[in-house]
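Here is what each chain is made of, one letter per residue.
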Amino acid sequence: MSKERIIFCDFDGTITVNDNIVAIMKHFNPAGWEAIVERILDKSISIRQGVGDMFALLPTSRKDEIVEYAINNAVIRDGFKEFVDYCKEQNIKLLITSGGIDFFIYPLLKPFAIPREHIYCNASTFEGNTIEILWPNRCDEHCATDCGMCKTSIIRSYDANRYERIIIGDSITDFEGAKLVDTIFARSHLIDMCKQLDYPYHPFDTFFDIMKQLEAEPVV
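All of the points below concern the structure found in this document. These numbers come from a predicted model, not from an experiment.

**Focus on the layout of surface pockets**
Of the pockets and cavities examined, the largest pocket occupies roughly 1200 Å³. For the lining of the largest pocket, the secondary structure elements donating two or more residues are α1 (20–28), α2 (33–41), α3 (47–55), β2 (93–101), α7 (151–156), α8 (172–178) and α9 (189–196). Of the residues assigned to the lining of the largest pocket, the class counts are 18 nonpolar, 14 polar and 10 charged.

Listed below in structure tokens is the structure:
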């Protein structure tokens, strides 16, 4: 019997054209956020700590502005609606696995027929003086990178003997997951990482590219 296809799809920079966290930080420009980004990139702090520290720079008094900006300035990548429909028609399980935050991910995905339980992301609370990020999807015992939203833990929860595991992504947060799957669809930084380790991948610009490749490849 052939395996069931399951797709783990990133959100920021993948479903959306832009990285929404970076866009929020650039627009509201709280003092110190760029230094935190540098520390994430040079791996002197974890992604979880860095994202939490960045949002802690933003006052909850500006909640409405921040949420409105995040939602109104995001651009959905071409073909995503058709891709969601395609996955449903082909009985492909589509999971959104994102290091982004619930206050913009849920509203932006609302127009698409994706069950809430198939969306994995970080949560947030605006009850204190600054935005606090919550971490409902932390690393399992096999991951020590303190991801915050651990994509590899979610991928590992789907048996490789039963599922043909496919990842779609663009950045450092997708790279560890890319090591575990059968097929990689990559753009931006994830392409560079795949090239460095000689991992096979399919580049994409739109979700139409991904559908075309999935159609061309037989199910494992």
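The discussion continues.
**Examining the pattern of salt bridges**
Applying the stated criterion across every chain yields a total of 10 salt bridges. With a shortest N-O distance of 2.8 Å, Glu-4 and Arg-162 are connected by a salt bridge. Placement of the pair is Glu-4 in strand β1 (residues 4–9) and Arg-162 in the loop between α7 and β5 (163–169), with a sequence separation of 158 residues. Exposure remark for Glu-4: the relative accessible area of 37% places this residue in the partly exposed category. Linking Glu-65 and Arg-62 is a salt bridge whose minimum nitrogen-to-oxygen distance equals 3.0 Å.

**A short note on the pairing of β1**
In terms of residue burial, β1 counts as a mostly covered element, since five of its six residues are buried. With six bridges joining them, β1 and β5 adopt parallel strand pairing. Paired with Ile-7 across the two strands is Ile-166, which belongs to β5. Here β1 pairs with β2 via four bridges, running parallel. If you follow Phe-8 over to β2, its bridge partner there is Leu-95.

What counts, and where the lines are drawn
- Residues numbered from 1 in each chain as written.
- Predicted model: local features only at pLDDT ≥ 70, side-chain atom pairs only at ≥ 80, totals over all residues.
- Heavy atoms only, no water.
- 1 Å grid on protein atoms, 1.4 Å probe; cavity = no way out; pocket = protein on both sides within 12 Å on 5 of 7 lines; lining within 4 Å.
- Points joined across faces, edges and corners; volume = space filled by probe spheres on them.
- Helix = DSSP H or I, 4+ residues; strand = E, 2+ residues; numbered from the N terminus.
- Nonpolar A, V, L, I, M, F, W, Y, C, P; charged D, E, K, R; others polar.
- Salt bridge = Lys/Arg side-chain N within 4 Å of Asp/Glu carboxyl O.
- Buried < 20%, exposed > 50% of the residue type's maximum accessible area, 1.4 Å probe, protein only.
- Pairing = 2+ DSSP bridges.

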